[in-house]
Amino acid sequence: QPLTVCTVDQLFKFVYKALGTEIFAATLKYSKLILDEIQSYEPAVIAIIIYGLKTIQEMGGRFAIITATFPPVLKHFMEENGLIENKQYIFKDFTGEEYLTNQVVRHKIRIRKSEMDIDEILEQGRNKKILVICNTVSRAQKIYKEMQEKSENVYLLHSRYIRRDRAFLEKQIMDFAESEEAGIWITTQIVEASLDIDFDVLHTEMCTADSLLQRMGRCNRKGRYFPEEANVIIYDNRNGVGKNGIYDSVMYDRSLKLLAQYENLEFVESMKTIYMNQVYDSDEIKGTGYYEEIEKCLNKLSEIHPVDYKLKDAEIRKINSVTVVPEEIYQEKMDLFECGTDFLRKSNVSKETKSLIRSKLEDMTLNFSIYRNKYPENVDRVSVGFKNCKKVTDIHRTDYKYEFDPKTGKGQGLLTSEILEQCGYFM
């Protein structure tokens with residue numbers, strides 16, 4: 001069947017009513033749209049999705065939202081924008097009554113107002129599969145370095161590896177999860193939804209409720225055992241929280257406060273739904289930045305006229321990014337880069353061949369996302385292959401140190417600093 005897999009950024013540009021975006025709305029008029037995990041988006045994007053769904057529904061298109069948790073605040077905004085339950089859409093809980101009365105107990109939680117206990121985690125890692133999730137890459141690298149000095153059975157995965165090495169690590173962690181091996185994997189939020197893994201014990205930094213429940217889904221996922229004691233240890237250290245952080249401080253505090261009532265209980269799936277509904281209750285969070293941003297963006301979208309935006313300005317998330325290749329990797333693969341860029345300059349090389357070459361080059365790269373238009377100091381402003389005022393790639397060399405051994409899967413990846421993350425560079 002005809003199937004297109006894409007991101008919201010590619011598909012929902014039509015909400016800006018810019019000339020050239022109407023093709024997306026026209027396509028969705030006769031399509032079936034499936035959205036995955038809507039609550040994981042930032043408020044401005046949620047507003048765009050809700051407004052887009054309203055437009056699609058009015059044109060006769062159909063949509064389905066598939067999610068493990070559906071915050072009531074989203075339902076509130078859908079209804080305010082003309083998407084009424086049992087009229088424009090049907091809400092269905094697929095768990096069923098039988099499931100709710102015979103729930104498998106997967107988790108017990110414990111909250112600690114402290115940093116992670118390295119020695120405790122290392123001791124557990126001797127005979128169990130331990131997953132550690134940090135809110136920032138720099139914190140994950142720091143914990144990995146401390147643990148690696150005391151144990152060889154420690155591995156690291158985050159988004160600051162080049163694509164080739166990240167693919168290797170993702171396969172490695174999935175193979176580890178299926179094996180009988182014990183050990184420790186230290187990760188970031190990239191494992192929340194993208195990887196189907198199952199560990200015995202989870203140690204995680206506190207985050208907002210939606211992310212936390214996703215993280216918990218990576219521990220005892222298959223209900224292999226009944227947790228006699230806490231198997232999810234949550235650390236309230238506020239890493240990555242605040243103005244320049246990943247998580248909104250108000251929603252973080254609500255998530256933490258309401259979570260306390262479930263500590264040391266059998267935290268079954270129905271409780272998780274109640275918890276999510278408590279945190280994102282639309283009446284309770286009015287006046288918060290999260291609520292007001294969704295409301296503000298929806299009002300703005302409703303007032304847009306077709307001439308207000310040009311096609312180039314119709315962006316869902318205004319995030320600048322730069323693709324970088326670490327200097328060590330560039331030197332190692334210099335022949336590939338030099339020959340590859342030479343081929344890209346030739347006019348007689350087919351598009352298919354150029355696409356293949358670009359793919360090979362991009363395997364050696366990773367992306368910096370720049371949220372505040374600040375260009376990293378240690379990144380070359382001139383792209384690889386630039387010659388005679390002609391740019392053939394968007395790849396830039398960087399002298400940030402890169403640490404990875406492809407034979408053992410060990411190494412911290414690209415080494416920057418926690419200060420860099422706090423200043424708006426996230427990967």
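Presented here is an overview of the structure given in this document. Numbering of residues starts from 1 in each chain and follows the order in which that chain's sequence is written. In keeping with the model being predicted, local features are shown solely for residues with a pLDDT of at least 70 and side-chain atom pairs are shown and tallied solely at 80 or more, while totals for entire chains, interfaces and linings include all residues. Each side-chain value is derived from all of the structure's non-hydrogen atoms; neither hydrogens nor water enter the calculation.

## Regarding the environment of Thr-27
So, point 1. With respect to the helices, strands and loops of the structure, Thr-27 is situated in helix α2 (residues 22–29).
So, point 2. Three exposure classes are used, based on accessible area relative to the maximum for each residue type with a 1.4 Å probe and protein chains only: buried under 20%, partly exposed in between, and exposed over 50%. Taking relative accessible area as the criterion, Thr-27 reaches 33% and is therefore assigned partly exposed.
So, point 3. As for Thr-27 and Glu-58, which are separated by 31 residues in sequence, their C-alpha atoms are 14 Å apart. A helix here means a DSSP run of H or I that spans at least four residues, while a strand means a run of E at least two residues long, and both kinds are numbered starting from the N terminus.

## Details of the side chain of His-203
So, point 1. Looking at the element boundaries, His-203 is found in strand β7 (residues 201–205).
So, point 2. A contact between two residues is defined here by any heavy atoms of the two lying within 4.5 Å. Non-local contacts of His-203, meaning those with residues more than four positions away in its chain, are made with Met-116, Glu-120, Ile-121, Gln-124, Ile-130, Leu-131, Val-132, Ile-133, Ile-233 and Tyr-235.

## A look at a negative patch on the surface
So, point 1. Each patch is assembled from residues with relative accessible area greater than 30% and no salt bridge, linking like charges that lie within 9 Å and nonpolar side chains (Val, Leu, Ile, Met, Phe, Trp, Tyr) that lie within 5 Å. Accessibility throughout is a Shrake-Rupley quantity obtained with a 1.4 Å probe, and a residue counts as covered only by protein chains that appear here. For salt bridges, the criterion is a side-chain nitrogen of Lys or Arg within 4 Å of an Asp or Glu carboxyl oxygen. The positive count covers Lys and Arg only, the negative count covers Asp and Glu only, and His and the chain ends enter neither. A charged residue contributes its charge at one atom only: NZ of Lys, CZ of Arg, CG of Asp or CD of Glu. Residues Glu-79, Glu-80, Glu-292 and Glu-295 make up a contiguous surface patch of negative charge.
So, point 2. Considering the arrangement of structural elements, one finds Glu-292 in helix α12 (residues 289–302).
So, point 3. On the basis of relative accessibility, which here comes to 42%, the residue Glu-292 falls in the partly exposed class.

## Points about the layout of surface pockets
So, point 1. In this structure, the second largest pocket spans a volume of roughly 1500 Å³.
So, point 2. Grid spacing is 1 Å over the protein atoms alone, the probe is 1.4 Å, and a cavity is where that probe fits but cannot get out, while a pocket is an open set with protein on both sides within 12 Å along at least five of seven lines and lining residues have an atom within 4 Å of a point. Ile-66, Thr-67, Ala-68, Thr-69 and Lys-92 are the residues nearest the centre of the second largest pocket, which is lined by 48 residues in total.
So, point 3. At the level of secondary structure, the elements contributing two or more residues to the lining of the second largest pocket comprise β1 (32–36), β2 (62–66), α4 (72–80), α5 (96–101), α9 (209–216) and α11 (269–279).
So, point 4. For the lining of the second largest pocket, a count of residues per class yields 21 nonpolar, 13 polar and 14 charged. Grid points are joined across faces, edges and corners, and a volume is the space filled by probe spheres set on the points. For this scheme, ten residues count as nonpolar: Ala, Val, Leu, Ile, Met, Phe, Trp, Tyr, Cys and Pro. Four count as charged, namely Asp, Glu, Lys and Arg, and the remainder, Gly too, count as polar.

## Structural notes on helix α3 (residues 43–59)
Each α-helix winds once per 3.6 residues, and so residues spaced three or four apart point in a common direction.
So, point 1. Here α3 spans 25 Å end to end across 17 residues, near enough to the 24 Å set by a 1.5 Å rise per residue.
So, point 2. Most of α3 is tucked away: 13 of the 17 residues are buried.
So, point 3. Phi turns positive one or two residues past the end of α3, at Gly-60, with a value near 100 degrees. Each helix should span, by expectation, one fewer than its residue count multiplied by 1.5 Å.

## With respect to the nonpolar core
One recurring pattern in soluble globular proteins: nonpolar side chains tend to sit buried together.
So, point 1. Among the nonpolar cores identified, the biggest contains 122 residues, and Phe-12, Ile-186 and Tyr-275 are the most heavily contacted of them.
So, point 2. Filtering out sequence-adjacent residues up to four positions away, Ile-186 remains in contact with Val-132, Cys-134, Ala-140, Ile-143, Tyr-144, Met-147, Val-154, Tyr-155, Leu-156 and Leu-157. Here, the term nonpolar core denotes a set of buried Ala, Val, Leu, Ile, Met, Phe, Trp, Tyr and Cys residues that are joined through side-chain atoms within 4.5 Å.

## Section: the packing of aromatic side chains
Ring pairs (aromatic) are described by centroid distance and by the angle formed between their planes.
So, point 1. Two rings belonging to Phe, Tyr or Trp (six-membered ring only in the last case) form a pair when the distance between their centres is within 6.5 Å. Interplanar angles under 30 degrees mark stacking, angles over 60 mark edge-to-face geometry, and anything in between is tilted. Overall, the coordinates contain 15 aromatic pairs when judged by the stated rule.
So, point 2. Between Tyr-161 and Phe-404, the aromatic rings sit 5.6 Å apart at their centres with planes inclined by 70 degrees, giving edge-to-face as the arrangement. Within this pair, whereas Tyr-161 is found in the loop between β5 (154–157) and α8 (163–178), its partner Phe-404 is found in strand β13 (residues 402–405), the two being separated by 243 residues in sequence.
So, point 3. The buried category is assigned to Tyr-161, whose relative accessible area is 1%.
So, point 4. On the basis of relative accessible area, Phe-404 is assigned to the buried category, the value being 15%.
So, point 5. Ring pairing ties together the aromatic residues Tyr-155, Phe-176, Trp-185 and Phe-199, which thus form one cluster.
So, point 6. Distance and angle both matter: a charge sits over a ring if NZ of Lys or CZ of Arg is within 6 Å of the ring centre and within 35 degrees of the ring normal. Here the guanidinium or amino end of Lys-129 rests over the ring plane of Phe-176, the centre of that ring lying 4.3 Å away.
So, point 7. A cation sits over an aromatic face here: Lys-272 above Phe-267, 5.8 Å from the ring centre.

## Quick word on the pairing of strand β12 (residues 395–398)
So, point 1. Two strands are counted as paired when DSSP detects at least two bridges linking them. Bridging between strand β9 (residues 320–326) and β12 involves four bridges; their strand directions are parallel. If you follow Val-325 over to β12, its bridge partner there is Arg-397.
So, point 2. Pairing of strand β11 (residues 379–383) with β12, which is carried by two bridges, proceeds in the antiparallel orientation. Note on β12: the bridge partner recorded for Ser-383 is His-396.

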